[in-house]
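# Results of the structural survey
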Amino acid sequence: MYLIVTRSFPPELGGMQSLMWGLTKEMSKNFLIKVFADYHENHNEFDQKANFSIERISGIKFLRKIRKAQLINEYVKENKIKGIIADHWKSLELIKTTKKKYCLIHGKEINHPKGSYQNRRFLKVLNNVEKIIANSEYTKNLAISKGVDQNKLIVINPGIDPVKELNKKSLEKVESLLKIKTPRLITVSRFDKRKNHEKIIMALRNLKQLYPDIVYICVGYGDEEKNIKNLVEELDLNGQVMFFKDISNTLKDALVAKSDIFVMPSITHKTSVEGFGIAYVEAAQFSIPSLGGKDGGASDAISHDKTGLICDGNNLDDIYSSLNSMIENKKYLELGKNAKEYVSKFNWSNTIEKYKKIF
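All of the points below concern the structure found in this document. What you see is a predicted model, and the numbers here were worked out from it, not measured in a lab. (Residues numbered from 1 in each chain as written. Predicted model: local features only at pLDDT ≥ 70, side-chain atom pairs only at ≥ 80, totals over all residues. Heavy atoms only, no water.)

## A short note on a nonpolar patch on the surface
Side chains of Ile 60, Phe 62 and Leu 63 sit close together on the surface and give an oily, nonpolar patch of about 360 Å² of accessible area. Considering the arrangement of structural elements, one finds Phe 62 in helix α3 (residues 61-78). On the basis of relative accessible area, Phe 62 is assigned to the exposed category, the value being 62%. (Patch = residues over 30% accessible without salt bridge, like charges linked within 9 Å, V, L, I, M, F, W, Y side chains within 5 Å. Areas by Shrake-Rupley, 256 points an atom, 1.4 Å probe, with all protein chains shown as cover. Salt bridge = Lys/Arg side-chain N within 4 Å of Asp/Glu carboxyl O. Helix = DSSP H or I, 4+ residues; strand = E, 2+ residues; numbered from the N terminus. Buried < 20%, exposed > 50% of the residue type's maximum accessible area, 1.4 Å probe, protein only.)

The following block contains the structure:
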């Protein structure tokens, strides 16, 4: 039996949650699995449908971490456990066992100055595990630069499930919303500084001069939502920017599928960095190319000038010229076709084989 220890798990939404769900689901096809996950108010209905055991731990953050570790330590003593797989170094910090431990790393959580308190904490954990699984070459190199033992590191990009058939009603709804608007740009992400919505909107002001019917679709929510909406107002782009949040997955997929370019030229903001960018891969499944940023691991998800472009997210001119080059002569169509072919390598059926080699 393998234990999955995670702070991020469905029905909560997000990239980490999708990764841990996909990994657990695929592993359960090959191994006996038990999950220790944080409590979520809507978990009962979700957990009942899973074909493996999920134990939820509630309480305030600090006490929850202690309680979860105590439960796992007891469970390991009383059961035959082959190994423990964790979503985050903090998930392993209080677990006391000689069983093999494996930890996923993503970028942001290890991006602390060498020698700092946080750095010493995660090194103590990571240098005592069997293998450290980085989500991209960027994250692997970041870990090495922070003092992680490179012999323990392996890169496995996050996996994806093949896309389901698009909902016809959702597609029709999107077409009625967008009508003649073209070209269509889209970002599906949290509204935070790292995702760089502001510079996309600033580039949009100039692109509007060339493409009067251009539209930018923003799907998500977050701390920067008010600032982003204020900027749209200030630049008189209300007719070019559409906001969506708390929408169904079927409508989200339809919005992506009916767009032309997925835009997320991420930057490093303080310690926050895009370790990989599963959203680029998800867009590519619908033949939608991406514009990503050079900061972080986007180049693992986007093949530059083949399935999209990598630009300098800190440089407004670079974002503008990159988008314009993709829109001109509808280059995004060719890039999108390549993108769909390219992303098959990220399918969970291929990705899980890399994990099985480790275990």
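## Focus: the layout of surface pockets
Estimates place the volume of the second largest pocket at around 250 Å³. Forming the walls of the second largest pocket are Leu 92, Glu 93, Leu 94, Ile 95, Lys 96, Lys 101, Arg 121, Lys 124, Val 125, Asn 128 and Val 129. For the lining of the second largest pocket, the residue count by class is five nonpolar, one polar and five charged. (1 Å grid on protein atoms, 1.4 Å probe; cavity = no way out; pocket = protein on both sides within 12 Å on 5 of 7 lines; lining within 4 Å. Points joined across faces, edges and corners; volume = space filled by probe spheres on them. Nonpolar A, V, L, I, M, F, W, Y, C, P; charged D, E, K, R; others polar.)

## Considerations on the environment of Ala 143
Counting through the fold element by element, Ala 143 comes out in helix α6 (residues 137-145). C-alpha of Ala 143 to C-alpha of Tyr 280: the two residues are 137 residues apart in sequence and 23 Å apart in space. Discounting chain neighbours no more than four positions away, the residues touching Ala 143 are Ile 105, Ile 110, Val 148 and Leu 153. (Contact = heavy atoms within 4.5 Å.)

## Some words on the nonpolar core
Membership of the largest hydrophobic core comes to 32 residues, with the highest contact counts inside it found for Ile 186, Ile 217, Leu 255, Phe 262, Tyr 280, Val 281 and Phe 346. Counting residues per element, the ones that place at least two in this core are α7 (168-178), β9 (215-219), β10 (241-244), α10 (249-257), β11 (261-264), α11 (278-284), α12 (298-301) and α14 (331-342). If you tally residues by element for this core, the top one is α11, at six residues. Discounting chain neighbours no more than four positions away, the residues touching Ile 186 are Tyr 216, Ile 217, Val 219, Leu 255, Val 256, Ser 259, Ile 261, Phe 262 and Val 263. (Core = buried A, V, L, I, M, F, W, Y, C linked by side-chain atoms within 4.5 Å.)

## Quick word on the pattern of salt bridges
Counted by the stated rule, this structure contains 23 salt bridges. In this structure, Asp 295 engages Lys 294 in a salt bridge whose closest nitrogen and oxygen atoms are separated by 3.5 Å. Here Lys 331 makes a salt bridge to Asp 305, at a shortest N to O gap of 2.8 Å. Placement of the pair is Lys 331 in helix α14 and Asp 305 in the loop between α12 and β13 (308-311), with a sequence separation of 26 residues. The structure contains a network of salt bridges with shared partners spanning Lys 25, Glu 26, Lys 29 and Asp 161.

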